[in-house]
Amino acid sequence: MRKLWILCLTGFILSGCSSKSNTPYIAPEVNSVYYEIYVGSFYDSDGDGMGDLSGVLEKLDYIQYDLGATGIWLMPINPSPTYHKYDVVDYKGIDQAYGSMEDFNQLIAAMNERGMDLILDLVLNHSSAQHPWFIKAKNAVLNNTCDTVKECDYYIFEKTSYPGFTQLTQDVWYESVFWDQMPDLNLDNESLREEILDIAKFWLDKGVKGFRLDATTHFYQENSSLNIEFLNWFNDEVKAIRNDAYLVGEAWTGESIVTRMYESKIDSFFNFGFAQNSGRIVRALRNEKGHDLAKYTQHYQETIRSYNEHAIDAIFLSNHDNDRSAGYLLDENQKKMAANVYLLMPGNVFLYYGEEIAMRGSGIDENKRMPMLWSKTDKTGKTFGPSNANYTLRDPQYVDDAMKDKDSLWNHYKKVISVRNKYSSIARGDVISLDLGHSELYALDHGDVIVIHNLSNKTLSYQKDYREVVSVYGNISSKGNNITMEGYSTLVIVK
Ligand code: CA
C-alpha cells in the first residue's frame, strides 16, 4: 500500500504541489498511467522554440495533478543527429537541444519526490552511424584492422549483400534494416552486452524506473526465440540492479507473436492489436460489440499471463508512430467512449501527449509529433518544430481553454483517469467478462469493481447487485438492482 497525502501548504515547498488549487493530492495505490512525451514538441522553457527537459519539469503539475498521470515515457533524449532521435550517438548523454544532464537530474529528482515513474526510450536494435562505435568499426573495416578492433563485432558486416544491408566497400555490406544511418547492433557480442548493461545501470542509478524498449522484434530479425532470449537476459540483469524496475517492449507485429514475447518476462508489451484506427477498441466502438471486446480482453489477459504470471498489458490508443485518434474518431461520443474503454482497461495505459486536447496529425511521422498547443501565446515549436510537419492539421482546443471548459475532452480525460486511479483493481485485478444480456454492453469484472460501457446509442437496462454505482459518462440511473444506461455511457460498479 502506498497511499500518501501530499498537502499543498502555501508558502512552503511547492515542488510537489499544484499552484492552482489547494485540493490535496491523493497518490493512487498503483501507478498505471503513463504520459508519452516527444520532448522537442512538448514545452519550451527558455524561449528558443525547442521543447526541453526543463519544460517537462515545469509541466509536472499539469501531468500529475491536472491530468492525473502517474508516470512519464520520454521518447529518446540522447544526443542524435535527427529530430526524432531514434539514432543515438551517446547512450549516456543528453541531446543539447533538450538541455543538460543537470536539467535531467532536476527532472528525475522532482519526479521521484512526487512518486512519479520515469521510463526512458532505449534504442538497442541499432545505433546512429555517427556513434563512435560505428565510426571505429567502419574505419577498421576500411583499413583491414578488425582483428584488433572489438567494435567491428558490435555490428553485422557481411561479404555479400542481403536485404536490409548497406554497401560500405566494394565487397563489404553492413546490416541497416531501418536506414543506412542506423546500423543494426550485433546483440550476441559479449562486450556490447556489457556496454548495454552499463548504460542501463547508468540511468537506473539516477532514479529512472525503467525503459521502453524500441523495435524488439528486429533485434534478431523476426526470430522470436532469439529475441525472447535476449530480452530475458536483459530483464534478469535489469531487475538485479533494481528489483522493481519496469520494462515495456515495442513489438509491433501480429498478436500471437506479441503475446509469446511475454515468455521473456519483460513486464509489458504494447498492445498494438487493441490500438489505432483498425484496432479492436475502435472496431468494437464502430460495430457496437461491447460484449465481444470484454470477452477478448479477458482472453488476452489470460494469454499473456500464461506466458508470464506478472504480465501487465500496455494499452494505448495512439502513439508517435500512429495517426492521431482525433483524426478518425470524429464525433464527441466516439472520442470520449474510446477514452473510457482504453483508460479503464487492465494493465498500464499510455496516453500520448496532445490526445487529451484532440490534437490531430496523420501521414508522415512529423505530423504525428507536432508541438503541443498550450495557449495562443505559447511559443513551443514556433521556430524548431518538426520541419516537414503540416501544422494546419492540428485544429484542437488549446490546453488553457480546454481546462476551463467543463465539457471538453480534456476534462473528460481527467475524470476517467481519476476513476482509474481511485480503484486500483481496474489496473491490476484478474478480469472476467460478464454477459448482461446485450451484445452492445462491455462488462468486465475486475474483482472489486466492474467496468461497464454501453457502446451503442440505445438505452439498455439490466439487473445487477451493487454497493455503489460510479457514473463516469452519459446518463445512468439505478433503482433497486436495476441499472439503466442511455446510449454512449460508462459506469463503474463497486461491489
Ligand atoms: Ca528550449
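Reading the values: the criteria
- Residues numbered from 1 in each chain as written.
- Predicted model: local features only at pLDDT ≥ 70, side-chain atom pairs only at ≥ 80, totals over all residues.
- Heavy atoms only, no water.
- Axes fitted to C-alpha atoms, helices over the stretch in contact; angles between N-to-C directions.
- Helix = DSSP H or I, 4+ residues; strand = E, 2+ residues; numbered from the N terminus.
- Parallel < 35°, antiparallel > 145°, perpendicular 65-115°, else oblique.
- Contact = heavy atoms within 4.5 Å.
- Nonpolar A, V, L, I, M, F, W, Y, C, P; charged D, E, K, R; others polar.
- Donors = N, O, S within 2.8 Å, 3.2 Å for Na, K, Ca; no water.
- Buried < 20%, exposed > 50% of the residue type's maximum accessible area, 1.4 Å probe, protein only.
- Pairing = 2+ DSSP bridges.
- pLDDT = per-residue confidence, 0-100.
- Core = buried A, V, L, I, M, F, W, Y, C linked by side-chain atoms within 4.5 Å.
- Disulfide = S-S within 2.5 Å.

This part takes up the packing of helix α3 (residues 60–67) against helix α13 (residues 409–422). Look at α3 against α13: their axes get within 9 Å of each other, and the N-to-C directions meet at 65°. Viewed along their axes, α3 and α13 adopt a mutual orientation that is roughly perpendicular. Mapping the contact onto sequence places Y62, Y65, D66 and L67 in α3 and W410, K414 and I417 in α13. Considered class by class, the residues forming the contact of α3 with α13 number 5 nonpolar, no polar and 2 charged.

With that settled, consider the coordination of the calcium ion. Around a metal, the perfect tetrahedron of four donors has angles of 109.5 degrees, and the perfect octahedron of six donors has angles of 90 or 180 degrees. Protein coordination of the calcium ion is provided by D44 (OD), D46 (OD), D48 (OD), M50 (O) and D52 (OD), with donor distances spanning 2.2 to 2.4 Å. Here the donor residues for the calcium ion map to a single chain with the spacing D-x1-D-x1-D-x1-M-x1-D. A relative accessible area of 53% places D46 in the exposed class. Its relative accessible area of 17% is what places M50 among the buried residues.

The subject of this paragraph is the sheet that holds strand β20 (residues 482–485). Read from one edge of the open sheet, 3 strands run β17-β20-β19, paired in antiparallel fashion. In this open sheet, the two edge strands, each paired with only one partner strand, are β17 (460–463) and β19 (476–479). The average angle at which neighbouring strand axes cross in this sheet is 15°, direction not considered. Two strands pair when backbone bridges link them, and β17 and β20 are joined in this way by 4 bridges, in the antiparallel orientation. Counted as the bridge partner of S461 is T484 from β20.

For the protein, the average pLDDT comes to 94, and 95% of its residues sit at 70 or higher. Every residue in residues 1–19 is under pLDDT 50, and counting partners more than four places away or in other chains gives 39 contacts.

As a further point, take the nonpolar core. Counting residues in each nonpolar core, the largest one holds 145 residues, and the members touching the most others are Y35, L74 and F234. The element contributing the most residues to this core is helix α6 (residues 190–205), with 7 residues. Counting residues in each nonpolar core, the second largest holds 12 residues, with L436, I452, L460 and M485 among its members.

For the rest of this paragraph, the subject is the state of the cysteines. Each disulfide is one covalent bond, formed between the sulfur atoms of two cysteines. For the structure shown, the criterion picks out 1 disulfide. What pairs with C146 in a disulfide is C152, and their sulfur atoms sit 2.0 Å apart. Around the S-S axis, the bridge from C146 to C152 shows a dihedral of about -75° and counts as left-handed. Look at C146 and you get partly exposed, because its relative accessible area is 29%.

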